[in-house]
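# Coordinate inspection notes
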Amino acid sequence: MEIFKYKKPLSLMGKSKRFGLLSITILVLALGLIIGKGFNYGIDFAGGTLIQVQYEGKAPIVKVRESIDSAKSYEGATVTFFGGEDEVVIRTKTSSKALGVDVGDQIRSLLKDTGNFEIRRVDMVGAKVGSELREKGLMAMVLAIIGILIYVSFRFEWRFAVASVMALVHDVTIAMGMIVLFNVEVNLDILAALLTILGYSLNDTIIVFDRIREGIRTIKDPDLGAIIDESVTRTLSRTTLTSLTTFFVVLTLYLFGGEIINGFSFTLLVGIIVGTYSSIFVASPILMWLGFSVGDFREKEAQKLKREKEKEKMRAMYENGTI
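Reference entry: report on the structure contained in this document.

What counts, and at which threshold
- Residues numbered from 1 in each chain as written.
- Predicted model: local features only at pLDDT ≥ 70, side-chain atom pairs only at ≥ 80, totals over all residues.
- Heavy atoms only, no water.
- Salt bridge = Lys/Arg side-chain N within 4 Å of Asp/Glu carboxyl O.
- Helix = DSSP H or I, 4+ residues; strand = E, 2+ residues; numbered from the N terminus.
- Buried < 20%, exposed > 50% of the residue type's maximum accessible area, 1.4 Å probe, protein only.
- Axes fitted to C-alpha atoms, helices over the stretch in contact; angles between N-to-C directions.
- Parallel < 35°, antiparallel > 145°, perpendicular 65-115°, else oblique.
- Left-handed = near helix turned anticlockwise from the far one by under 90°.
- Contact = heavy atoms within 4.5 Å.
- Nonpolar A, V, L, I, M, F, W, Y, C, P; charged D, E, K, R; others polar.
- Expected span 1.5 Å × (residues − 1).
- Arc of directions from axis to C-beta.
- Pairing = 2+ DSSP bridges.
- Phe/Tyr/Trp six-rings, centres within 6.5 Å; stacked < 30°, edge-to-face > 60°.
- 1 Å grid on protein atoms, 1.4 Å probe; cavity = no way out; pocket = protein on both sides within 12 Å on 5 of 7 lines; lining within 4 Å.
- Points joined across faces, edges and corners; volume = space filled by probe spheres on them.

### A short note on the pattern of salt bridges
Proximity of charged atoms lets side chains of opposite charge pair with each other. Under the counting rule described, the total for this entry stands at seven salt bridges. Across the pair Lys58 and Glu85 runs a salt bridge, and its minimum N-O distance is 3.9 Å. With Lys58 in the loop between strand S2 (48-55) and helix H3 (61-69) and Glu85 in strand S4 (residues 84-92), this residue pair connects regions lying 27 residues apart in the sequence. Taking relative accessible area as the criterion, Glu85 reaches 47% and is therefore assigned partly exposed. For Arg213, the salt bridge identified is with Asp210, shortest N-O distance 3.0 Å.

Given below as structure tokens:
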């Protein structure tokens, strides 16, 4: 599309300090929310019982709360609307082991005088299992980041790897800060969304880094900032179109997918926006701040090309029987 084509390189690296200050500010705010307020863990990580109940008409939430409060086994339970006004969700920290009875039957008995309803879902996770899931989820993210660091180091150079990992940490931290800010319930779906953000953001960053590496080889300008500006400008149309396409698909899921996947789609929406931003305005400047040398890279590339030519020459001589 012509609207996303640029006739001359954009001066992006000249504003890198401003973007860096903005990113640091948002990161500090996100960390403050995470440390100060903390996550709203769902039963997947905190343990407990969740019961989803659907009524034929508007759910009598006041009566439901009174009925649930009357049962000692559901002390401290919360009752909230779920999606529309015809469904409610009952959450309690009590696990199935403590209840010792069929939860569905017990809820039917407690709510029998509140109207016609159907129990749509009953989820139960023990506190120990929830703690294990939380630990394994954190371990999955750490291992993913370590794997990415190793992969990018082999594919590019260690400065590229460090820059990409710092951008990923930036993206995930901001996404988690938004989760805390909007009180999104953290469960396995949110963990899946955060891991998806890692992959999406890395893909964007790798494409930008590929274009930068290509620019170092083909653009005669020795200034890394100028090379990054031209390389990023060349890939900006692709990045914009890809991000917008993905954004509108996920936005559709968020608006029409229902309450069950709202947390997942919301986290992805934040990740797409932040991931696109970081690939251009975070990862690339970090590459400059780490002291990446265009001259050293070109010298290594020249030595590598020389060795390949020598190998080809030796192979040709061997095949011709001259050695």
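### Details of the packing of helix H8 (residues 188-218) against helix H10 (residues 262-281)
Axis separation between H8 and H10 bottoms out at 9 Å; the angle between their running directions is 20°. Classified by the interaxial angle, the pair formed by H8 and H10 is roughly parallel. Pair H8 / H10 crosses with right-handed handedness. Facing H8, whose interface residues are Asp189, Ile190, Ala192, Ala193, Leu194, Thr196, Ile197, Tyr200, Ser201, Asp204, Thr205 and Val208, H10 presents Gly263, Phe264, Thr267, Leu268, Gly271, Ile272, Gly275, Thr276, Ser278 and Ser279. Split by residue class, the contact of H8 with H10 holds 10 nonpolar, 10 polar and two charged.

### Here's the deal with unusual backbone geometry
Backbone geometry places Asn183, a non-glycine residue, at a positive phi of 55°. Mapping Asn183 onto the fold places it in the loop between helix H7 (158-181) and strand S6 (185-186).

### Regarding helix H1 (residues 16-36)
For H1, which comprises 21 residues, the first-to-last C-alpha distance of 30 Å matches the rise-based estimate of 30 Å (1.5 Å per residue) to within 8%. Along H1, the residues classified as buried are Ser16, Phe19, Gly20, Ser23, Ala30 and Ile34. The buried residues of H1 occupy one face: seen down the axis, they fall within an arc of 95°. In H1, the exposed positions that point more than 90 degrees away from the buried face belong to Lys17, Arg18, Leu21, Ile24, Val28, Leu29 and Gly36. Among the structural elements, H7, H10 and helix H11 (283-289) are those in contact with the buried residues of H1. Positive backbone phi, approximately 85°, marks Gly38, located one or two places after H1.

### A few points about the sheet that holds strand S5 (residues 117-125)
If you trace the four strands from one edge of the open sheet to the other, you get S3-S4-S2-S5, paired in antiparallel fashion. Whereas interior strands pair on both sides, the edge strands pair on one side only; in this sheet they are strand S3 (78-82) and S5. This sheet shows a mean twist of 20° between the axes of neighbouring strands, independent of strand direction. Of the pairings in the sheet, the one linking S2 to S4 comprises six bridges and is antiparallel in character. Note that in S4 the partner of Gln52 across the bridge is Val89. Those strands touched by H3 are S2, S3 and S4, and its axis lies near 150° from that of S3. Packed onto the sheet, helix H5 (residues 103-110) meets S2, S4 and S5 and runs at close to 135° relative to S5.

### Some points on the packing of aromatic side chains
A complete count under the given rule lists nine aromatic pairs for this structure. When the ring of Phe247 is compared with that of Phe248, the centres are 5.7 Å apart and the planes differ by 75°; the resulting orientation is edge-to-face. In this structure Phe248 comes out as partly exposed when scored by relative accessible area, which is 49%. Aromatic side chains Tyr277 and Phe281 sit 5.4 Å apart centroid to centroid with 40° between the ring planes, which places their arrangement in the tilted category. Of this pair, Tyr277 and Phe281 both sit in helix H10, four residues apart, which is roughly one turn of that helix. As far as the burial class goes, Tyr277 and Phe281 line up, both buried. Three or more aromatic residues joined by ring pairs make a cluster, and in this case those are Phe19, Tyr277 and Phe281.

### Side note on the layout of surface pockets
Quantified by volume, the largest pocket comes out at close to 560 Å³. In terms of lining residues, the largest pocket is bounded by 24 residues, among which Phe82, Arg91, Glu185, Asn187 and Glu259 are the most central. Mapped onto the lining of the largest pocket, the elements with two or more residues apiece are helix H2 (43-46), S3, S5, H8 and H10. A per-element tally of the lining of the largest pocket places H10 first, with four residues. Taken together, the residues of the lining of the largest pocket break down into 11 nonpolar, six polar and seven charged. For the second largest pocket, the lining is made up of 19 residues, of which Phe39, Leu138, Met141, Met176 and Leu194 are closest to its centre. Of all elements in the fold, only helix H6 (127-155), H7 and H8 reach the threshold of two or more residues within the lining of the second largest pocket.

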